[in-house]
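Per-entry structural report
Each chain, written out:
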Amino acid sequence: MSAESPLDLEAVQRAAAWCTFIGKDTAIVEFHSTLDSTNQRAGELAREGAAEGSLVVAAQQQSGRGRLGKTWNSPVGGLYLTVILRPDQAMLRRLPVTLLGGLAVAEAIDATTELHAELKWPNDIYVGDKKVAGVLGELSRDAKGSVLLLGIGVNIAQPADGFGDELKETATSLAGNGETTSAESVLSEVLKRFEEHYQSVKAGGGVGILSSASARMPMLGKPVRLRLPERTLTGTASGLTQTGALVLELDDGTRDVFVAGEVEEVRPK
Ligand code: BTN
């Protein structure tokens with residue numbers, strides 16, 4: 001398998017072969033050579049009653065969705081997937097499922113390349129100082145309970161100069177770092193590792209996951225700026241709470257805990 005091996009339904013099914021619930025039993029598996037958004041398609045399937053573990057993968061997206069209402073650049077060469085999850089309230093209170101997704105992607109990159117992927121809280125995946133993958137969780141409710149659409153985008157085979165002006169300073173791909181791993185290999189590792197983390201948190205675990213995620217967050221212990229919709233705060237990111245929230249020792253001497261926001265390191269001038 002090389003970076004050029006295109007994904008197709010068979011490749012997706014092979015990637016999910018070792019899973020215990022993704023793509024298993026009554027769960028649906030779809031592959032699309034092009035789609036507006038895998039999260040949008042997964043939402044349609046969920047509304048029709050699709051089971052937990054249903055999986056939608058696309059080779060490219062026309063309207064990829066990012067966090068905070070942004071778009072996700074989704075040309076051929078990237079990996080775009082959404083898993084339909086039906087977590088109960090206890091699961092939702094434990095750890096953000098998106099954090100598990102981010103950790104699974106970082107681990108998958110490490111397992112399939114020579115690179116070391118890091119996390120930027122809450123769930124952006126970085127190689128060096130550029131973002132290589134992102135995770136979007138969209139939560140809703142239906143008659144059966146909560147539905148969480150876990151969307152993951154990984155820049156795999158896009159060339160280093162394949163990002164437009166607005167992304168070239170901040171985005172990268174595995175190929176841009178000299179890696180030729182295939183989308184199928186990355187997908188397989190992401191699904192396997194995500195499942196392990198999800199099952200472990202479902203069973204009441206999570207401490208090991210939190211420490212694995214924290215160990216990949218170089219920002220912890222450093223001065224940061226946290227952008228919230230209504231204000232921007234500065235302080236030191238001292239760690240994560242047991243539920244994955246960010247603890248900030250604010251510059252005004254107080255301490256506060258945040259469940260969302262855009263965080264960036266403040267480098268000395
Ligand atoms: C982010 O902004 O960092 C999150 C990006 C998430 C992108 C993925 S690609 C597959 C899935 N479908 C979408 O429309 N978005 C997510």
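As a reminder, the structure under discussion sits directly above these lines.
In this report, the structure presented in the accompanying data block is examined. What you see is a predicted model; the values in this text were computed from it and never measured.

**With respect to the environment of N73**
- With respect to the helices and strands, the residue N73 is situated in the loop between β2 (55-58) and β3 (78-85).
- C-alpha separation for the pair N73 and L100, spaced 27 residues apart in sequence, amounts to 22 Å.
- Sequence-distant contacts of N73, defined by excluding residues within four places in its chain, comprise Y80, F163 and L167.

**Comments concerning helix α2 (residues 38-47)**
- Extensive coverage of α2 is indicated by the burial of seven of its 10 residues.
- Packed against the buried residues of α2 are β1 (29-32), β2, β3, β6 (130-142) and β7 (145-155).
- With a side-chain oxygen lying 3.1 Å from the backbone nitrogen of N39, the N-terminal cap of α2 falls on S37.
- G49, located one to two residues past α2, shows a positive phi value of around 100°.

**What about the pattern of salt bridges?**
- Following the criterion strictly, the structure yields 18 salt bridges and no others.
- One salt bridge in this structure joins E249 and R255, with 2.7 Å as the shortest N-O distance.
- Take R255: its relative accessible area is 58%, and that puts it in the exposed class.
- Connected via shared salt-bridge partners are E30, R41 and E44.

**What about helix α6 (residues 207-215)?**
- Residues I209, L210 and A213 constitute the buried set of α6. Axial view of α6: buried residues confined to an arc of 100°, hence all on one face. Set apart from the buried face of α6 by more than 90 degrees, the exposed residues are V207 and A215.
- Looking at the buried residues of α6, the elements they touch are α4 (97-112), β4 (118-120), α5 (183-202) and β9 (232-240).

**Here we look at the side chain of T113**
- Within the fold, T113 resides in the loop between α4 and β4.
- Residue classification places T113 among the buried residues on the basis of a relative accessible area of 9%.
- Among the polar contacts listed, one links the side chain of T113 to the backbone oxygen of I109, at a separation of 2.6 Å.
- At a separation of 3.0 Å, a polar atom in the side chain of T113 contacts the main-chain amide nitrogen of L115.

**Here we look at the packing of α4 against α5**
- Here α4 crosses α5 at 140°, and the two axes come no closer than 8 Å. Between α4 and α5, the interaxial angle falls into the category oblique. Between α4 and α5 lies a crossing of right-handed hand. Across from V97, L100, G101, L103, A104, V105, E107, A108, A111 and T112 in α4, the residues of α5 making contact are S185, V186, E189, V190, R193, F194, H197, Y198 and V201.
- Classifying every residue of the contact of α4 with α5 gives 12 nonpolar, four polar and three charged.

**Some points on the layout of surface pockets**
- Quantified by volume, the largest pocket comes out at close to 1100 Å³.
- Put simply, the parts of the chain that give the lining of the largest pocket at least two residues each are α2, β3, β4, β5 (124-127), β6, β7 and β12 (262-265).
- Across the lining of the largest pocket, the residue classes break down as 15 nonpolar, 14 polar and 16 charged.
- Of the pockets and cavities examined, the second largest pocket occupies roughly 570 Å³.
- Around the second largest pocket, the lining comprises 27 residues; the ones closest to its centre are P96, T98, N123, V259 and A260.
- Listed by contribution, the elements that provide at least two residues to the lining of the second largest pocket are α4 and β6.
- For the lining of the second largest pocket, a count of residues per class yields 18 nonpolar, six polar and three charged.

The rules behind these values
- Residues numbered from 1 in each chain as written.
- Predicted model: local features only at pLDDT ≥ 70, side-chain atom pairs only at ≥ 80, totals over all residues.
- Heavy atoms only, no water.
- Helix = DSSP H or I, 4+ residues; strand = E, 2+ residues; numbered from the N terminus.
- Contact = heavy atoms within 4.5 Å.
- Buried < 20%, exposed > 50% of the residue type's maximum accessible area, 1.4 Å probe, protein only.
- Polar contact = N/O pair within 3.5 Å; in protein donor to acceptor, adjacent residues only side chain to side chain.
- Salt bridge = Lys/Arg side-chain N within 4 Å of Asp/Glu carboxyl O.
- Arc of directions from axis to C-beta.
- Axes fitted to C-alpha atoms, helices over the stretch in contact; angles between N-to-C directions.
- Parallel < 35°, antiparallel > 145°, perpendicular 65-115°, else oblique.
- Left-handed = near helix turned anticlockwise from the far one by under 90°.
- Nonpolar A, V, L, I, M, F, W, Y, C, P; charged D, E, K, R; others polar.
- 1 Å grid on protein atoms, 1.4 Å probe; cavity = no way out; pocket = protein on both sides within 12 Å on 5 of 7 lines; lining within 4 Å.
- Points joined across faces, edges and corners; volume = space filled by probe spheres on them.

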